[in-house]
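# Residue-level structure breakdown
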Amino acid sequence: MSTKDFIEKDYYKVLGVPKDATEAEIKKAYRKLAREFHPDANTGNAKAEERFKEISEANDILGDPKKRKEYDEARALFGNGGFRPGPGAGGGSFNFDLGDLFGGAQAGGGGQAGGFGGGLGDVFGGLFNRGGTGTGTRTQPRRGQDIDTEVTLTFTEAIEGATVPLRMSSQSPCRACSGTGDKNGTPRVCPTCVGTGQVARGTGGGFSLTDPCPDCKGRGLIAEHPCMECKGSGRAKSSRTMQVRIPAGVTDGQRIRLRGKGAPGERGGPAGDLYVLVHVDAHPVFGRKDDNLTVTVPVTFTEAALGGEIRVPTLGGPSLTLKLPPGTPNGRTMRARGKGAVRKDGTRGDLLVTVEVSVPKDLSGKARDALEAYRDATADEDPRAELFEAAKGA
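No experiment lies behind these values; they were computed from the predicted model shown.

Cut-offs and rules
- Residues numbered from 1 in each chain as written.
- Predicted model: local features only at pLDDT ≥ 70, side-chain atom pairs only at ≥ 80, totals over all residues.
- Heavy atoms only, no water.
- Core = buried A, V, L, I, M, F, W, Y, C linked by side-chain atoms within 4.5 Å.
- Buried < 20%, exposed > 50% of the residue type's maximum accessible area, 1.4 Å probe, protein only.
- Contact = heavy atoms within 4.5 Å.
- Pairing = 2+ DSSP bridges.
- Helix = DSSP H or I, 4+ residues; strand = E, 2+ residues; numbered from the N terminus.
- Axes fitted to C-alpha atoms, helices over the stretch in contact; angles between N-to-C directions.
- Phe/Tyr/Trp six-rings, centres within 6.5 Å; stacked < 30°, edge-to-face > 60°.
- Disulfide = S-S within 2.5 Å.
- Salt bridge = Lys/Arg side-chain N within 4 Å of Asp/Glu carboxyl O.
- pLDDT = per-residue confidence, 0-100.
- Parallel < 35°, antiparallel > 145°, perpendicular 65-115°, else oblique.
- Left-handed = near helix turned anticlockwise from the far one by under 90°.
- Nonpolar A, V, L, I, M, F, W, Y, C, P; charged D, E, K, R; others polar.

## A look at the nonpolar core
The biggest cluster of nonpolar side chains holds 39 residues, and the ones touching the most others in it are Ile246, Val276 and Val312. Excluding anything up to four places from it in sequence, valine 312 contacts Val295, Val297, Ser319, Leu320, Leu322, Leu351 and Val353. Core analysis: the next-biggest nonpolar cluster, separate from the first, contains 18 residues, Tyr12, Phe37, Phe52 and Ala58 among them.

## A short note on the sheet that holds strand β9 (residues 274–280)
For sheets, the rule is that strands pair by backbone hydrogen bonds, running either parallel or antiparallel. Taken in spatial order, the three strands of this open sheet run β1-β9-β8, and their pairing is mixed. A single partner strand is all that each edge strand has here, and the edge strands are β1 (147–153) and β8 (255–258). Going across the sheet, the axis of each strand differs from the next one's by a mean of 25°, ignoring polarity. Where β8 and β9 come together, four bridges link them in antiparallel fashion. Across the sheet, the residue bridging to arginine 255 is leucine 277, located in β9.

## Description of the environment of glycine 307
In this fold, glycine 307 is placed in the loop between α9 (301–306) and β12 (308–314). In the structure, glycine 307 is positioned 19 residues away from proline 326 in sequence and 3.8 Å away in space, judged by C-alpha atoms. Those residues in contact with glycine 307 that lie beyond four places of it in its chain are Thr302, Leu324, Pro325 and Pro326.

## Some words on the sheet that holds strand β15 (residues 351–357)
Pairing within the open sheet is mixed, and its four strands lie in the order β10-β11-β15-β14. Of all strands in the sheet, those bounded by a partner on one side alone are β10 (287–289) and β14 (333–336). Sheet twist, expressed as the mean angle between neighbouring strand axes with direction ignored, is 35°.

## Comments concerning the packing of aromatic side chains
Summed over all chains, the structure comprises three aromatic pairs. Taking 5.0 Å as the distance between ring centres and 50° as the angle between the ring planes, the aromatic pair formed by tyrosine 11 and tyrosine 71 counts as tilted. Of this pair, tyrosine 11 sits in helix α2 (residues 11–15) while tyrosine 71 sits in helix α5 (residues 65–77), and the two are 60 residues apart along the sequence. We classify tyrosine 11 as buried; its relative accessible area is 1%.

## A short note on the state of the cysteines
Applying the stated rule across the entire model yields zero disulfides. Looking at the unpaired cysteine 193, the closest cysteine sulfur is the one in cysteine 216, lying at 3.7 Å. For cysteine 193, a relative accessible area of 5% puts it in the buried group. Free cysteine: cysteine 230, not disulfide-bonded; nearest cysteine sulfur from cysteine 177 at 3.7 Å.

## Some remarks on the pairing of β1
Of the two faces of β1, only the one carrying Ile147, Thr149, Val151 and Leu153 is buried; Asp148, Glu150 and Thr152 on the other face are not. With seven bridges connecting them, β1 and β9 associate as parallel partners. For aspartate 148, the partnering residue across the bridge sits in β9 and is tyrosine 275.

## Re the pattern of salt bridges
For the coordinates displayed, the defined rule picks out 12 salt bridges. The salt bridge involving aspartate 146 is made with arginine 143; its shortest N-O contact spans 2.8 Å. Between aspartate 291 and arginine 343 there is a salt bridge, and its shortest N-O distance comes to 3.7 Å. Of this pair, aspartate 291 sits in the loop between β10 and β11 (292–299) while arginine 343 sits in the loop between β14 and β15, and the two are 52 residues apart along the sequence. Assessed through its relative accessible area of 29%, arginine 343 is described here as partly exposed. One network of salt bridges, in which partners are shared, links Arg143, Asp146, Arg257 and Asp273.

## Some thoughts on the confidence of the model for the protein
On average, residues of the protein score 78 in pLDDT, and 79% of them reach the 70 mark or higher. Note on residues 79–138: pLDDT under 50 across the span, and 99 contacts to partners over four residues away in sequence or across chains.

## Points about the packing of helix α3 (residues 23–37) against helix α4 (residues 46–62)
In the contact formed by α3 and α4, the axes pass within 9 Å of each other and the chain directions differ by 165°. In terms of their interaxial angle, α3 and α4 are classed as roughly antiparallel. Where α3 crosses over α4, the two elements pack in a sense that is left-handed. Two secondary-structure elements touch here, α3 through Ile26, Tyr30, Leu33, Ala34 and Phe37 and α4 through Ala48, Arg51, Phe52, Ile55, Ser56, Asn59 and Leu62. Of the residues contributing to the contact of α3 with α4, the split by class is nine nonpolar, two polar and one charged.

## Observations regarding unusual backbone geometry
Positive phi outside glycine occurs at aspartate 290, with the angle close to 60°. Note on placement: aspartate 290 falls in the loop between β10 and β11.

## Digging into the side chain of threonine 149
Turning to its location among the elements, threonine 149 is positioned in strand β1. When residues no more than four places from it in sequence are discounted, the contact partners of threonine 149 are Leu166, Leu274, Tyr275, Val276 and Leu277.

## Description of the pairing of β11
Here three bridges tie β10 to β11, and the two strands are oriented antiparallel to one another. Its bridge partner being in β11, lysine 289 is matched across the sheet by asparagine 292. Between β10 and β11, which pair antiparallel one after the other, the connecting turn spans two residues, and aspartate 290 there sits at a positive phi close to 60°. Here β11 pairs with β15 via seven bridges, running parallel. Bridging across to β15, valine 295 finds its partner in valine 353.

Here it is, written out as structure tokens:
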């Protein structure tokens, strides 16, 4: 069995037992499954034979306390096939692909599962401390820092997109010492980490992880004659202004990631990323709901009752005309397609137009007479009759 298989396979799941199962529970589960899938009871059944092999393999590991302990330690370190750094191991979250990490180890390629395949130290190098030298003298490139900044856009800029200037401060290679940290430009290799920038830290169970070297702060170099500008760190604070394109359709509170636009790397390392937190000012007329814009349009009572055409504003474009059906109730929403915010695929959402019946505060004599005549003409109609009927029947 390969080390890759040993770590990736969930033997508890194979036997159908919990991770805290006792030895007796493991033995009982194995015997039950072994009887069910034994080749003698499944003549000519290739799937049953393969299942029996898995069951036997799982029992071989979990049934041996020493092998089970090593298996549990490895699984804790490589949960779901990904490397999990412990506290203080550099922060952040990242995954290694086990297929790449193990260099395509072949099943059955020598070594026992209980011993981690025999060649684990050589494969992992300096990452673990079970074998291999893990040392070197070449300092490694360092990725530049990520930068966080904020920008405030108008409502229209957020919908249509905008190019804005951003002034950013970050740590970049010191110009005085060309990023070496030494005023003479001749730093020496850190003796503690031998130039790797990392030191081993024990985690128990025979494993060790790597942390940034405390003496060189992960640089792998120590300045004999520290630069006065950067105090030997090789990094100095710098400010720059960058023109950044904010894509159309961003929303208030959205965080945009611009790859490679952060602080420059060190010793040939890649630049970090720029994260822009977007704030959007409110608009006096328009609102937003997902990819749609919203607007509330007042109409007169006669327009709502008799119907007609109303003019509606659009954001940054000419107005449009909507047909109002007779008997339109207050609060009804109509849709003008393609007049909304820009989506990621370049298409646009819609403009949602909500009708609000406007009640006049002051009436002329002629208007009052007309409304009183209308009231008299509809005196027999009670718009609340159905309301009370429904209340009685509830």
